[in-house]
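Descriptive structure summary
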Amino acid sequence: MKRLLICLSLALLAGCAAPAGTTGAPAPATPETAAPAGAAETAETADAAPALRELTRTAGGRYYTPSWTEAGDGVYLTTVDLYDGVQRIACTQPGCPHRGSACPAWLRADMSAQPNTLEVLTDGERLYWIRVSDYDHFYSDWQGEPQSSIYTSGLDGDHLASALASPGNWYCGNFLQDDALMDCTWFTDGETLWALAKSNPADENGEPQYMMTLYHLTPAAQGDGTTAPLYTGAVVWRQQADGYYEGLLDGEILLRLCRSTAPGTGSLAGDYAAQQSELRVLGCDGTLGEPLHSYRNGDCKSAALRGGLWYQVAAGSADLQQTDLRTGTTRTLCTLPAAADEVFGVDLAGPYDGLLRVAVALQEREDGYVLNPDTGALTPLPATWAKDGVIPRLPVLWAVDAGGRCLMEVGMQDRMLTVMGQDGGTQTFNSPIGVWAVQDIAAYLAGSQDWQVCTLLDPNGMLY
């Protein structure tokens, strides 16, 4: 997940070397003039560009997530089995009662008032425990430990609570993230890590500036194993820009960079609509490619990269178009069965065995379809629940693993919750809680609602 408005901001991580001849924040660079800070790459790297894979939260039929338990004694690493739907604490210690910090899967006392966040991702072979400073603490005077660190473990979560409590043992060298960090996407080439970070650090006048930075993190010499970092980080590319990560195209990062083409309109929505978007590939050597596709934001109702192809619905149209960014060819796949002025947006998921799930947001409902891109055929998918009890909604696809098992939010139900206020008093109220389920993605796309509802460790909990 993944901070809708703040995803416009792009990251500057403190502590990494600026390009030679600069002090403080690096000077803004245009797409045409940006030069990689880590240009001195080896000949081997230059000859064989790494093919990246995005780190996810699923591996081996399990979905990893930090979570409360019904005991309420802290946050634990847990897994949701994508076959039986049961959430379990990720601890293999024999006889462990799973109570408090003595349990190897225990992470922290709570999820509030923390100076940093902890994310657990996987490449299918190991877990990466990534801790970064939390944007919510931008104005805090918190200090005393590295602001970013990485620890690796096996898929069973044998991370040891002591390692998490002593980040100096797994501190990530010169890869430091400042409190302006908004979002970070992680990749692996099979041997090393890559991080695309977005933030809005303040300039010398205190005004936020949008930054994007690509880091390469390589295994470091371990020395005595107590203070040496597991990884050291180097800046490969950094640019002041307004833009988005759209996905991977043939193992390379595809960026959508936005630039203003007209004076300000006086509103954020108007300014965004007036911007020009350009799709460019960012290479692992820091090279930013020429535009593969461009459009004015206000002329586009919806756009997304799926399976290496660019899908787009133009404003004032109900036609779903597909552009092959490698060849530049565009074709219309189908016309969505709704009036053009009714369609607010289109969300695509997949492809799964060549099929796409299409969710069409209308004023009073959400329509769902399965699209065969080869034929343009649309097959209706039924809504399974209603937002606010009124607006029909499709299941929310949270994760699909390599084996085709998916985790979905398939409905909402009211639960009576009791919370304690700052004065020590309690309040009780009704709150909607998600209904989570697992199923084969192929069965869901075939119209089946015979999914397995999940059994959660915290009945009132969420899985994201």
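Preceding this section is the structure that the text describes.
Predicted model only: the values in this text are computed from it and were never measured.

1. What to know about the overall build of the chain
- Along the chain, the regular secondary structure elements total four helices and 31 strands.
- Burial analysis of the chain (464 residues in total) assigns 48% to the buried set.
- When the accessible surface of the chain is totalled, it reaches about 21900 Å², and 51% of it is carbon and sulfur.

2. Details of unusual backbone geometry
- At the junction of glycine 350 and proline 351, the peptide bond is cis and its omega measures out at 5° in the coordinates.
- Note on placement: proline 351 falls in strand β22 (residues 345-352).
- Backbone geometry at aspartate 250 places phi at a positive 55°, although glycine is not the residue there.
- Of note in the backbone geometry, aspartate 353 takes a positive phi value of approximately 50° without being a glycine.

3. Brief notes about the packing of aromatic side chains
- In this structure the tally under the stated criterion is three aromatic pairs.
- Aromatic side chains tyrosine 295 and tryptophan 310 sit 6.4 Å apart centroid to centroid with 35° between the ring planes, which places their arrangement in the tilted category. Taken together, the residues span a long stretch of sequence, with tyrosine 295 in strand β17 (residues 293-296) and tryptophan 310 in strand β19 (residues 309-314) at a distance of 15 residues.
- The exposure class assigned to tryptophan 310 is buried, which follows from its relative accessible area of 0%.

4. Describing empty space enclosed by the protein
- Taken as a whole, the largest cavity spans an internal volume of roughly 40 Å³.
- Lining the largest cavity are Ser302, Ala303, Ala304, Tyr311, Gln312, Val313, Leu320, Val346 and Leu348.
- Across the lining of the largest cavity, the residue classes break down as seven nonpolar, two polar and no charged.
- Size it by volume and the second largest cavity reaches roughly 30 Å³.
- Residues that form the lining of the second largest cavity fall into these classes: three nonpolar, four polar and no charged.

Calculation rules
Per chain, residue numbering runs from 1 following the sequence as it is written. Two thresholds apply to this predicted model, a pLDDT of at least 70 for residue-level local features and 80 or more for giving and counting side-chain atom pairs, whereas whole-chain, interface and lining totals are computed over all residues. Excluded from the side-chain calculations are hydrogens and water; all other atoms, namely the structure's heavy atoms, are used. By definition, any uninterrupted DSSP run of H or I lasting at least four residues is a helix, any uninterrupted run of E lasting at least two residues is a strand, and each is numbered from the N terminus. Partly exposed describes any residue whose relative accessible area lies between the buried limit of under 20% and the exposed limit of over 50%, with all areas from a 1.4 Å probe on protein chains only and scaled to the type maximum. Only the protein chains shown count as cover for residues, and the accessible areas themselves come from Shrake-Rupley with a 1.4 Å probe. A pair of aromatic rings is counted whenever rings of Phe, Tyr or Trp (Trp by its six-membered ring) have centres within 6.5 Å, and the orientation is called stacked for planes under 30 degrees apart, edge-to-face for over 60 and tilted otherwise. Cavities and pockets were defined on a 1 Å grid built over protein atoms only: a cavity is a set of grid points that admits a 1.4 Å probe from which the probe cannot escape, a pocket is an open set flanked by protein on both sides within 12 Å along at least five of seven lines, and lining residues are those with an atom within 4 Å of any such point. Grid points are joined across faces, edges and corners, and a volume is the space filled by probe spheres set on the points. Each residue gets one of three labels, nonpolar for Ala, Val, Leu, Ile, Met, Phe, Trp, Tyr, Cys and Pro, charged for Asp, Glu, Lys and Arg, and polar for the others, Gly among them.

Shape descriptors only; they carry no functional weight alone.
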